Structure formats: C-alpha cells, structure tokens
Amino acid sequence: EHRRYAEKAEILDQLSQAIEDFCVTRITYRSQSSAEPRSRPVHPLRLVRHLNGALYLVAFAPERQEARTYKVDRIEAVDVSSSVFTQNRDFNVEEFLKDSLGIYIGDGRVTVVVLFYPPASRHAAEQHWHESQVLTQHSDGRVRLKLELSTTVEIKSRILAYGASAVVLEPPELRAEIAQELARLIQHYRPEFDPAVKPLPDA
C-alpha cells in the first residue's frame, strides 16, 4: 500500500482477510462529525481507492441495513470475529458506486451542468469525470459538462478548484452552495481580517 498507510498496515491486513473470508468485523471508527470514536459491527465487502488516493472500506452495516463507506484513515481498530456473514456476499460494489463521482453516495439523482472557460476549458475537457459525462465544445472555446450523480459533495470541491473559470449552471442548490463558499472566502481575504486575532467569520 501507499506509504501514507504504513501505520495502517495491520488494519488493512485484517480487513483484507475479513473480506476474503466473509467475517463479521467490528471496527472502531471516528466519523467526520463525531468527536469520539465508536465501535460498530460491519460486513466488509471491498477496499476501494478514491481518486485522491485515500482508501475506503465498502461494507454492509447491519445496524442500518445498508451498504456504507468508511474512510480507512478514520478506522482506529479492527476486531475480526470467527463468525461469517452470508447476506450480501455477492453485493455489486460497482453498481453501488456508479452514480458517485468517487466514493460518496447520495439518496437520489441530480443533474449537474458546468460551463468552463478558456484556458481551463481544455483541461476540463481532457478529464474523465464520470461515466455519465456529456461534453459539449463551443466555438468560442468554452466547454459545457453535464453529469448525472447521486450527490454533489465531491464535485463541489473540483469545481471550486477551477476558480472563476468554471460556472455551475445546474442545479440551483449547488450554485447557492458555491456562492456561499466564495462569499466566505472573500471575508477571509479582507484587509481588516486577521485570523490570528479573531475566529473565522461565518458566511
């Protein structure tokens, strides 16, 4: 594994064995929204590498009766039991992730349309965004990208990385989120703002 996971080598070995043997496993996991780690049972299905290089565990969560993803960086301990699970052994991970831009799964489907301006439009057109992507080249060099996703969580940061060279046309909710993020960013760069003196302002 990548050197960033050297300290997680034992955990990765345990998860790999649990996946191979269909073992019920208890992981100690600190979610992004939780201050304290929590132990929970899972049925490990596969380890998946995100586009940013991070590893995720795709597992069925019996407490919630649904498949979920767990970032390996946040797994603090693994306890592989001798019990095996029979449910979802043939779970289709590719189908589960097909409407995701990477690893995040939403509850529905959303159409995302982004317009890229030169010179960034060429870079955007060369990227493989998603299986659903439809790229339209304009004569003035602009590129229109249309995607069908289950959530906008991951594409938001990718759009922001293009700065003023990318404009979201749809959905209006994503336009509003990005506008709010940019308003907050402007606040951070006002001459009178000193982060060493006062906390970051809310948008």
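Description of the structure in this document. If you're wondering where the values come from, they're calculated on a predicted model, not measured in any experiment.

### A word on the pattern of salt bridges
Stage number 1. As enumerated under the stated definition, the model contains nine salt bridges in all.
Stage number 2. Between E95 and K98 there is a salt bridge whose closest N-O contact spans 3.2 Å.
Stage number 3. Take K98: its relative accessible area is 39%, and that puts it in the partly exposed class.
Stage number 4. With a closest N to O distance of 4.0 Å, K156 and E177 form a salt bridge. Highlighted residues: K156 in helix α4 (residues 153-160) and E177 in helix α5 (residues 172-188), separated in sequence by 21 residues.

### Digging into the sheet that holds strand β8 (residues 143-149)
Pairing between sheet strands relies on hydrogen bonds along the backbone, with the strands arranged either parallel or antiparallel.
Stage number 1. Taken together, the four strands give an open sheet; going across it, the order is β7-β8-β6-β9, and neighbouring strands pair in antiparallel fashion. The sheet terminates laterally at β7 (134-137) and β9 (166-170), the two strands that pair on one side only. Across the sheet, the axes of successive neighbouring strands diverge by a mean angle of 20°, strand direction being ignored.
Stage number 2. Strand direction decides the pairing type here: strand β6 (residues 110-116) and β9, joined by four bridges, are antiparallel. Each residue of the ladder has a partner; that of F116, found in β9, is A166.
Stage number 3. Those strands touched by α5 are β6 and β9, and its axis lies near 145° from that of β9.

### Details of the sheet that holds strand β2 (residues 38-49)
Stage number 1. Within the open sheet, the five strands sit side by side as β4-β3-β2-β1-β5. Their pairing is antiparallel. This sheet does not close on itself; its edge strands, each paired only once, are β4 (66-71) and β5 (75-84). For this sheet, the mean inter-axis angle between neighbouring strands, taken without regard to orientation, is 45°.
Stage number 2. Relative to β5, strand β1 (residues 23-29) runs antiparallel, the two sharing six bridges. Across the sheet, the residue bridging to I27 is V78, located in β5.
Stage number 3. This element, helix α1 (residues 9-21), spans β1, β2, β3 (55-61) and β5 of the sheet and lies at about 30° to β5.

### Let's talk about a nonpolar patch on the surface
Stage number 1. The grouping of L182, L185 and Y189 at the surface amounts to a nonpolar patch, some 340 Å² of accessible area in total.
Stage number 2. Here L185 lies in helix α5.
Stage number 3. Among the residues examined, L185 registers a relative accessible area of 42% and is labelled partly exposed.

### Some remarks on the nonpolar core
Soluble globular proteins tend to pack their nonpolar side chains together in the buried interior.
Stage number 1. V112, F116, W129, I155 and I159 are the most contacted members of the largest nonpolar core, which totals 19 residues.
Stage number 2. Excluding residues that lie within four positions of it along the chain, V112 makes contacts with L145, K146, L147, L149, T152, I155, E170, P171 and L174.
Stage number 3. Formed by 16 residues, the second largest nonpolar core is a distinct cluster that contains Y5, L45, F60 and A67.

### Here we look at the pairing of β7
Stage number 1. Pairing of β7 with β8, which is carried by four bridges, proceeds in the antiparallel orientation. Paired with L135 across the bridge in β8 is L145.
Stage number 2. The hairpin formed by β7 and β8 contains five residues between the paired strands, and G141 there has a positive phi angle of roughly 100°.

### Concerning the packing of aromatic side chains
Stage number 1. What the rule picks out here adds up to six aromatic pairs.
Stage number 2. Aromatic side chains Y29 and Y70 sit 5.2 Å apart centroid to centroid with 85° between the ring planes, which places their arrangement in the edge-to-face category. Of this pair, Y29 sits in strand β1 while Y70 sits in strand β4, and the two are 41 residues apart along the sequence.
Stage number 3. Through a chain of ring-to-ring contacts, the aromatic side chains of F116, W129 and Y162 assemble into a single cluster.
Stage number 4. The ring of W129 carries the charged tip of R158 above its face, separated from the ring centre by 4.2 Å.

Rules used throughout
- Residues numbered from 1 in each chain as written.
- Predicted model: local features only at pLDDT ≥ 70, side-chain atom pairs only at ≥ 80, totals over all residues.
- Heavy atoms only, no water.
- Salt bridge = Lys/Arg side-chain N within 4 Å of Asp/Glu carboxyl O.
- Buried < 20%, exposed > 50% of the residue type's maximum accessible area, 1.4 Å probe, protein only.
- Helix = DSSP H or I, 4+ residues; strand = E, 2+ residues; numbered from the N terminus.
- Pairing = 2+ DSSP bridges.
- Axes fitted to C-alpha atoms, helices over the stretch in contact; angles between N-to-C directions.
- Contact = heavy atoms within 4.5 Å.
- Patch = residues over 30% accessible without salt bridge, like charges linked within 9 Å, V, L, I, M, F, W, Y side chains within 5 Å.
- Areas by Shrake-Rupley, 256 points an atom, 1.4 Å probe, with all protein chains shown as cover.
- Core = buried A, V, L, I, M, F, W, Y, C linked by side-chain atoms within 4.5 Å.
- Phe/Tyr/Trp six-rings, centres within 6.5 Å; stacked < 30°, edge-to-face > 60°.
- Lys NZ or Arg CZ within 6 Å of the ring centre and 35° of its normal.

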